[in-house]
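Structural characterization, general
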Amino acid sequence: MNGLPHAHKGRGAASNPEGRFESIRHHAEDDGWQSLLLDEDAPRPRTEVTDERAKSVITRNDSPDIAFDQALNPYRGCEHGCIYCFARPSHSYLNLSPGLDFETKIRAKGNLAEVLRAELAKPGYVPKPINIGSNTDPYQPIEKQWRLTRAALEVLAECRHPCTIVTKNALVERDLDILAPMARDKLVQVFVSVNSLDNHLAAKLEPRASAPHRRIKAIRALADAGVPVGVLVAPIIPALNDKDMEAVLERAAEAGARSAGYTTLRLPWELKTLFREWLALHAPQRAEHVMSLVQQMNGGRDYDSDFRTRMHGQGVFADLLRKRFEVACRRHGFARARESRLDTSHFVPPRKPSPQGELF
């Protein structure tokens with residue numbers, strides 16, 4: 001027995017540590033029973049979705065290293081279960097764990113469309129592109145039933161309001177009937193995240209996201225429908241998936257992507273412990289090397305929150321990644337993801353609902 005928790009099939013996190021705001025701490029003790037045998041019959045963690053009544057849905061951003069000013073996230077928590085997700089620590093604000101709770105206890109903003117409509121109708125509202133999916137994926141599996149992302153797009157399309165979308169799920173193809181008309185008026189751009197072409201690795205890193213080859217097909221479907229689409233090689237994890245950077249960019253370019261961006265691994269708060277645990281379970285032989293390179297890119301620490309370097313790292317290895325990315329982008333004619341331009345001039349505020357209805 002090595003003291004490590006066991007992996008859960010279809011889940012990214014192996015444990016459920018307390019969030020940093022919880023006052024109660026749990027400590028596991030080995031009582032001598034063969035826990036691995038007992039765990040064989042234990043039920044797998046199931047996804048629980050709670051309907052959350054949101055008071056507002058548009059958030060504002062003032063971070064200088066983020067390309068958008070406004071964002072919208074239909075869900076809190078994400079069923080994709082990506083072990084590297086920088087949003088995991090946000091579940092601590094709900095008094096839930098950034099581990100398994102983050103991917104199994106999801107909050108869905110069931111009144112999203114209603115609140116979004118009210119916010120867009122406020123006097124003095126100034127339209128700026130809204131990013132959908134800045135924190136958690138808007139097309140995670142539960143979107144099939146809840147359809148909150150589609151409801152948001154319907155409101156934005158009606159108001160002719162521009163937006164960008166970030167996802168790693170091919171479910172985005174479902175909404176081409178909305179996205180294609182928006183694209184004709186320069187109202188939308190989609191970014192598909194692909195950080196490796198290795199299905200075996202992706203199944204462990206991103207257990208419930210679409211497989212890499214399926215995401216490439218989604219890029220092609222979007223491009224064929226006339227929707228501007230870019231690829232995000234994110235996050236790049238040194239000594240784990242960085243070798244695939246050029247291949248991902250090549251495949252995405254062949255599929256029709258016209259812009260590209262990348263970020264390196266970020267490990268804020270509880271994510272440091274969760275990622276180290278994942279490495280010990282799934283890549284024990286290279287765990288020490290991976291973390292050594294991560295620390296080299298973060299000034300000797302697991303994570304450096306400095307706005308100037310947190311997205312791409314610093315040091316020799318970070319510089320090498322940047323140069324490789326720039327060379328590959330020139331080869332395939334990619335524009336930078338930040339350089340997208342959407343049109344805000346078509347915006348029409350939504351009409352407030354009236355008990356008298358409308359004549360026209």
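This report concerns the structure included in the present document. (Residues numbered from 1 in each chain as written. Predicted model: local features only at pLDDT ≥ 70, side-chain atom pairs only at ≥ 80, totals over all residues. Heavy atoms only, no water.)

1. Some words on the packing of aromatic side chains
The test is simple: Geometry of aromatic contacts follows a simple scheme: Phe, Tyr and Trp rings, the Trp one being its six-membered ring, pair when their centres are within 6.5 Å, and the pair is stacked under 30 degrees between planes, edge-to-face over 60, tilted otherwise. By definition, being over a ring means that NZ of Lys or CZ of Arg is both within 6 Å of the ring centre and within 35 degrees of the ring normal.
Scanning all chains against the criterion turns up 3 aromatic pairs. The ring centre of phenylalanine 86 lies 4.3 Å from the NZ or CZ of arginine 266, which sits over that ring.

2. Brief notes about the sheet that holds strand S11 (residues 335–336)
Test applied: Note on pairing: two strands pair once DSSP finds at least 2 bridges between them. Runs of E in the DSSP output that reach at least two residues are strands. Runs of H or I that reach at least four are helices, and both are numbered from the N terminus. Whether two residues are in contact is decided by their heavy atoms: any pair within 4.5 Å suffices. Under this scheme, a helix contributes an axis fitted over its contacting stretch, all axes are lines through C-alpha atoms, and angles between N-to-C directions fall in the 0 to 180 degree range.
Spatial ordering of the open sheet is given by S2-S3-S6-S7-S8-S9-S10-S11, a layout of 8 strands whose pairing is mixed. Only two strands of the sheet have a single partner each, and these edge strands are strand S2 (58–60) and S11. Summarising the sheet, strand S6 (residues 130–132) and strand S7 (residues 163–167) pair through 3 bridges and their orientation is parallel. Looking across to S7, one finds that asparagine 131 is bridged to threonine 164. In this fold helix H3 (residues 112–120) packs onto S2 and strand S3 (70–72), with an angle of close to 55° to the strand it touches most, S2. Against the sheet, helix H12 (residues 316–332) touches strand S9 (229–236), strand S10 (259–264) and S11, its axis set at about 170° to S10.

3. Section: helix H8 (residues 212–224)
Applicable threshold: Working rule for helices: expected span equals 1.5 Å times residues minus one. Type-normalised accessible area, obtained with a 1.4 Å probe on protein chains alone, sets the label of each residue: buried when under 20%, exposed when over 50%, and partly exposed for intermediate values. What the arc describes is the spread of directions from the helix axis to the C-beta atoms.
For H8, built from 13 residues, the straight-helix expectation of 18 Å at 1.5 Å per residue is met to within 8% by its first-to-last C-alpha distance of 19 Å. Taken residue by residue, H8 has Pro212, Arg215, Ile216, Ala218, Ile219 and Leu222 as its buried positions. Down the axis of H8, the smallest arc covering the buried residues is 155°, so these residues share one side. Exposed side chains of H8 directed beyond 90 degrees from the buried face belong to Lys217 and Asp224. In this fold, the buried residues of H8 make contact with helix H6 (176–184), strand S8 (188–193), helix H7 (199–205), S9 and helix H9 (245–255). Within two residues after H8, glycine 226 carries a phi angle of roughly 85°, on the positive side.

4. Topic: the pairing of S9
Note the threshold: Crossover handedness is defined here as right-handed if the route from the first strand over the helix to the second strand goes clockwise, with the strands pointing away from the viewer.
Taking burial as the measure, the 8 residues of S9 include 8 buried ones, the bulk of the element. Bridge count between S8 and S9: 4 bridges; the pairing is parallel. Counterpart to valine 192 in the pairing with S9 is valine 231. Sheet topology note: the S9/S10 ladder contains 5 bridges and is parallel. Within S10, the position partnered with isoleucine 236 by the bridge is threonine 264. Running through H9, the crossover from S9 to the neighbouring parallel element S10 is right-handed.

5. Looking at helix H5 (residues 148–159)
Since there are 3.6 residues in each turn of an α-helix, residues three or four apart along the chain are aligned in direction. Compared with the 16 Å implied by 1.5 Å per residue over 12 residues, the 17 Å span of H5 between its first and last C-alpha is a close match. All buried positions along H5 are accounted for by Leu148, Thr149, Arg150, Ala151, Ala152, Leu153, Val155, Leu156 and Cys159.

6. Focus on the environment of isoleucine 178
As for its placement among the helices and strands, isoleucine 178 is situated in helix H6. When its relative accessible area of 10% is taken as the criterion, isoleucine 178 is described as buried. Distance from isoleucine 178 to glutamate 154, taken between C-alpha atoms, is 7.2 Å for residues 24 residues apart in sequence. Setting aside chain neighbours within four positions, we find isoleucine 178 in contact with Arg150, Leu153, Glu154 and Ala157.

7. Looking at the side chain of arginine 11
Basically, it comes down to this: Just so you know, the count uses Lys and Arg for positive and Asp and Glu for negative, and it drops His and the chain ends. Salt bridges are identified by distance alone: a Lys or Arg side-chain nitrogen within 4 Å of an Asp or Glu carboxyl oxygen. Here a polar contact is taken to be a pair of N or O atoms separated by no more than 3.5 Å, where protein atoms must pair a possible hydrogen donor with a possible acceptor and residues adjacent in sequence count only if both atoms sit in side chains.
Mapped onto the elements, arginine 11 comes out in the segment before helix H1 (35–39). Glutamate 79 provides the closest opposite charge to the buried, unpaired arginine 11, separated from it by 4.5 Å. Within polar-contact distance, the side chain of arginine 11 engages the side chain of threonine 47 at 2.8 Å. Only 2.9 Å separates the side chain of arginine 11 from the backbone oxygen of glutamate 103, close enough to count as a polar contact. Filtering out sequence-adjacent residues up to four positions away, arginine 11 remains in contact with Pro45, Arg46, Thr47, Glu79, Leu100, Glu103, Thr104, Pro207 and Arg208.

8. Brief notes about the sheet that holds strand S5 (residues 105–109)
One open sheet holds the 3 strands; their spatial order is S1-S5-S4, and the pairing between them is mixed. Each end of this open sheet is capped by a strand with a single partner; those strands are strand S1 (48–52) and strand S4 (75–76). Alignment of S1 against S5, held across 5 bridges, turns out to be parallel. For valine 49, the partnering residue across the bridge sits in S5 and is isoleucine 106.

Honestly, it's all geometry; don't read function into it.
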